[in-house]
Amino acid sequence: TIDVDTAATGPQISDTMYGIFMEDINHAADGGLYAELVQNRSFEYNTADNENYTPMTSWEEVGGGGSAEVVDDDGRLNERNRNYLRLTLPGDGEYGVANTGYSTGIAVEEGKEYDFSVWARADGDGGTPLTVRLTDDRGEPLAEPLGLEAEGGGWAEYTGAFTASASSTAGRLAVTGSGGGSLSLDMVSLFPRDTFKGHENGLRADLAEKIADLDPGFVRFPGGCLVNTGSHEAYEGPDWPRERSFQWKDTVGPVEERAVNHNFWGYNQSYGLGYYEYFQFAEDLGAMPLPVVPALVTGCGENEATDDPELLERHIQDTLDLIEFANGPADSEWGGLRAGMGHPEPFGLTHLQVGNEEPLVEDFFERFVEFRDAIEAEYPDITVVGNSGPSSGGAGFDRAWELNREHGVELVDEHYYNSPEWFLSNNERYDSYDREGPDVFLGEYASQGNRFSNALAEAAYMTGLERNADVVTMASYAPLLAAEWDTQWTPDMIWFDNTRSWGSANYEVQRLFAQNTGDAVVPSTASGTPDASGPITGAVGLSTWNTSAEFDDVKVTSADGEELLGDDFSGGADQWEHITDAGSWAVEDGAYVQTETAGENTMVMAGDPEWTDYDMEVTATKREG
Ligand code: AHR
């Protein structure tokens, strides 16, 4: 029995209750949301980013009779974009390089338009013919080639557009020169024309739309571990540490002038999706932007505090400059940079987080207070968000909460990744939180899995967040995005490959709650025990993981020989589409059948809808090879 007290007023639920946490993990940005199709566009990949990288990663030679060399000399495009490619061209014929994109290659769709650009310099006096081709991996054209001419003298940007005449997931972008001499190239780029909201240097539309469908109240960015790990030195030259924390000034201005960096998650960060683009995305989503800056105390396994007062001073000043970049007038220094990038109006920043999950809580608080004092002195209306230290809880966590209370922190970011059982048995976590203390921002959480049962446990837990909406004012599932071809962390909310994206069951729960957030809690009590004749969590009769790359003809058959799941579910893209169309679960022929996909992986689970055990058999043929 549920008794609802319609006369009573429960806590208001904040408009920012459900939001997103966007970090470039699992290629969420480069190779994912950031729509750039060329990988390693400025030849800056380095073994410091990943031991398998070289400056020619993702590039291959095209044609013959010439040579290609990545150089870093005084002829560079600019100080932050140091490497470029020098081609020595044959007198006869064409020679150049082709980019192989991410994963299987550059994905293009028939009829769609793509914008090409390159910075080039012909090293002779006259012009050098430059041909740009979009082909598949066998060299078959996917569009009419572009004919350009690079001038001698200095670097210049050349642009053109393709309309794809066929679709491919294995596209190549080839840039070749001819006529002898040498030709220098940098920032070779290809973007789909139809980015989210049509922005230049924009975002991949299908991913951004899935995020928009979550109707997020806020966007926390750019990390996570990405923010507080690595050196806190600024980029100031070739010998400066490549593994730097995410520092916003590295990521703004013209893309060809942005530094690149090692990504904490093991790949290269182009910073093409930088602070301007994050603010713009939040604005497009109608969400509150919530940037996170490093507090000079690392976490995520590094756990070190930087003791350099000048460096701390510089980061505090950078944070004040960030607020000016977001909110300052167009005639201020940093507001002017924002205006020059195309946004004269302020972005309306109200919250800013200092630090992420630092286990050295005492060291963190010393620095946090310095940041906050400086921010409050200049921008008293900005809420400075703190955190609760290590996500695992324990002594550090308790001490961090004590310090948050002592220092009157308004909003504290908590993180935890736990089992579904934990989420089910901790629904009351916030019932006992101090109503006089700081508010809670549950900035990262997930039950460990992308199964339907994980999503259900999270949904149950979220009812506890809402019931405590007077103390929990913001929450975001994490991580948000994952490339199925290079995943550093699971589970994740939205998965993608180069052409497709699919929300997990957990995504559907987030969407359901975020699209239907109430204004206030209506107090209610439940009594009695549901009449359950069997186990209420159900029994799963069978589960198998079918990698369609390995198996054909997957069949699920009931004990009496009835086919519950048949041929339709085998075979690559067809299989995936079928599942998407069919939804992720159904009751078929009296049996509960659930399918889940991650890329080409399909999990089939089946059970009886009455939740009793069910005998079934799975057969599949192993593919040759
Ligand atoms: O979401 C993945 C990581 O989990 C984040 O980078 C970090 O904040 C947390 O430990």
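Conventions and cut-offs
Residues numbered from 1 in each chain as written. Predicted model: local features only at pLDDT ≥ 70, side-chain atom pairs only at ≥ 80, totals over all residues. Heavy atoms only, no water. pLDDT = per-residue confidence, 0-100. Contact = heavy atoms within 4.5 Å. 1 Å grid on protein atoms, 1.4 Å probe; cavity = no way out; pocket = protein on both sides within 12 Å on 5 of 7 lines; lining within 4 Å. Points joined across faces, edges and corners; volume = space filled by probe spheres on them. Nonpolar A, V, L, I, M, F, W, Y, C, P; charged D, E, K, R; others polar. Domains from an automatic or database assignment. Helix = DSSP H or I, 4+ residues; strand = E, 2+ residues; numbered from the N terminus. Near = heavy atom within 4 Å. Polar contact = N/O pair within 3.5 Å; in protein donor to acceptor, adjacent residues only side chain to side chain. Areas by Shrake-Rupley, 256 points an atom, 1.4 Å probe, with all protein chains shown as cover. Axes fitted to C-alpha atoms, helices over the stretch in contact; angles between N-to-C directions. Parallel < 35°, antiparallel > 145°, perpendicular 65-115°, else oblique. Left-handed = near helix turned anticlockwise from the far one by under 90°. Disulfide = S-S within 2.5 Å. Buried < 20%, exposed > 50% of the residue type's maximum accessible area, 1.4 Å probe, protein only. Patch = residues over 30% accessible without salt bridge, like charges linked within 9 Å, V, L, I, M, F, W, Y side chains within 5 Å. Salt bridge = Lys/Arg side-chain N within 4 Å of Asp/Glu carboxyl O.

## Digging into the confidence of the model for the protein chain
No. 1: The predicted model of the protein chain averages 88 in pLDDT, with 84% of residues at 70 or higher.
No. 2: In the model, residues 567–592 has pLDDT below 50 throughout and makes 62 contacts with residues more than four positions away in sequence or in other chains.

## As for empty space enclosed by the protein
No. 1: All told, the structure shown has five cavities of 30 Å³ or more when counted by the stated rule.
No. 2: Taken as a whole, the largest cavity spans an internal volume of roughly 150 Å³.
No. 3: What lines the largest cavity is a set of 18 residues, among which R41, S42, V260, N268 and S270 lie closest to the centre.
No. 4: The residue makeup of the lining of the largest cavity, split by class, is seven nonpolar, six polar and five charged.
No. 5: Mapped onto the domain boundaries, the lining of the largest cavity takes at least three residues apiece from domain 1 (20–30 + 197–526) and domain 2 (59–192).
No. 6: Roughly 80 Å³ of internal volume is contained in the second largest cavity.
No. 7: What lines the second largest cavity is simply F246, Q247, W248, Y275, V292, V293, P294, H315, D318, T319 and F371.
No. 8: Ranked by residue count, the leading element in the lining of the second largest cavity is helix 4 (residues 309–327), at three residues.
No. 9: Here the lining of the second largest cavity is built from residues that sort into seven nonpolar, three polar and one charged.

## Some details on the site of the ligand
No. 1: Close contacts around the ligand come from F21, E23, G224, C225, W265, N356, E357, H415, Y417, E444, P479 and W489, and that covers them all.
No. 2: One of the side-chain N or O atoms of E23 is found 2.6 Å from an oxygen atom in the ligand.
No. 3: C225 is positioned with one of its backbone polar atoms (N or O) 2.8 Å from an oxygen atom of the ligand.
No. 4: The protein chains hide 96% of the 280 Å² of surface that the ligand would expose on its own.

## Overview of the packing of helix 3 (residues 275–285) against helix 4
No. 1: With their axes 11 Å apart at the nearest point, helix 3 and helix 4 run at an angle of 50° to one another. By the angle class used here, helix 3 and helix 4 are oblique. Viewed along their axes, helix 3 and helix 4 form a crossing whose handedness is right-handed. Residues Y275, Y276 and F279 of helix 3 pack against L322, F325 and A326 of helix 4.

## Section: the state of the cysteines
No. 1: Under the definition given, this model contains one disulfide.
No. 2: One disulfide bridge connects C225 with C300, the sulfur atoms lying 2.0 Å from each other. In this structure the cystine formed by C225 and C300 twists about its S-S bond by roughly -90°; its chirality is therefore left-handed. Taken together, the positions of C225 in helix 2 (residues 225–228) and C300 in the loop between strand 17 (288–293) and helix 4 put the pair 75 residues apart, joining distant regions of the chain.
No. 3: By relative accessible area, which is 22% here, C300 ends up partly exposed.

## Quick word on a nonpolar patch on the surface
No. 1: On the surface, I2, V4 and V522 cluster together into a nonpolar patch covering about 290 Å² of accessible area.
No. 2: When you line up the elements, V522 lands in the loop between helix 10 (505–515) and strand 26 (524–526).
No. 3: In this structure V522 comes out as partly exposed when scored by relative accessible area, which is 45%.

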